[in-house]
Amino acid sequence: MTAEIERAAHAYCPVCTPDPGRGDLVTALCGATHPYWGRRERPVNNCPACEALAANTVYPCGHTGSER
Ligand SMILES: [Zn+2]
Ligand SMILES: [Zn+2]
């Protein structure tokens, strides 16, 4: 379970994490903290928790996904 989550592509709040560098530790919407891989090098699997949270209007951190 842990390995699958760590290898999954997590979603991140663009406000909390505006410009993560590859390898930077970032906190995903689901609360997992792990290195960012970069947008073109995403793992094949998506984190189901992040997918569900990213679909919400408001992220757990309080920011809104549609806010620009
Ligand atoms: Zn945020
Ligand atoms: Zn996640």
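The shown structure was predicted, so the numbers you read here are calculated from the model rather than taken from an experiment. (Residues numbered from 1 in each chain as written. Chains lettered and ligands numbered in written order. Predicted model: local features only at pLDDT ≥ 70, side-chain atom pairs only at ≥ 80, totals over all residues.)

Got a minute to help me understand the overall build of the chain in this structure?
Helix and strand counts for the chain come out as two helices and two strands. In the chain, the order of α-helices and β-strands from amino to carboxyl end is α-β-β-α. Residue burial in the chain is summarised as follows: out of 68 residues, 12% are buried. (Helix = DSSP H or I, 4+ residues; strand = E, 2+ residues; numbered from the N terminus. Buried ≥ 20, exposed ≤ 12 C-beta atoms within 10 Å, placed from the backbone.)

I would appreciate a short explanation of the nonpolar core in the present structure.
Counting seven residues, the largest nonpolar core is built from Ala 8, Cys 13, Ala 28, Leu 29, Cys 47, Cys 50 and Leu 53. Each residue touching Leu 29, except ones within four places of it in the same chain, is listed here: His 10, Ala 11, Tyr 12, Cys 13, Cys 50, Leu 53, Ala 54, Tyr 59 and Pro 60. (Core = buried A, V, L, I, M, F, W, Y, C linked by C-beta atoms within 7 Å. Contact = placed C-beta atoms within 7 Å.)

Would you mind going over the environment of Ala 28 with me for this structure?
Examined against the element boundaries, Ala 28 turns out to sit in the loop between strand S1 (25–27) and strand S2 (33–35). In the structure, Ala 28 is positioned twelve residues away from Cys 16 in sequence and 9.8 Å away in space, judged by C-alpha atoms. When neighbours within four sequence positions are excluded, Ala 28 is seen to be in contact with His 10, Ala 11, Tyr 12, Cys 47 and Cys 50.

Help me understand the environment of Asp 24 in this model?
Within the fold, Asp 24 resides in the loop between helix H1 (2–7) and S1. Residue classification places Asp 24 among the exposed positions, given that 12 C-beta atoms sit within 10 Å. Note: C-alpha distance between Asp 24 and Pro 35 (eleven residues apart in sequence) is 5.0 Å. If sequence neighbours within four positions are ignored, Asp 24 has contacts with Pro 35 and Tyr 36.

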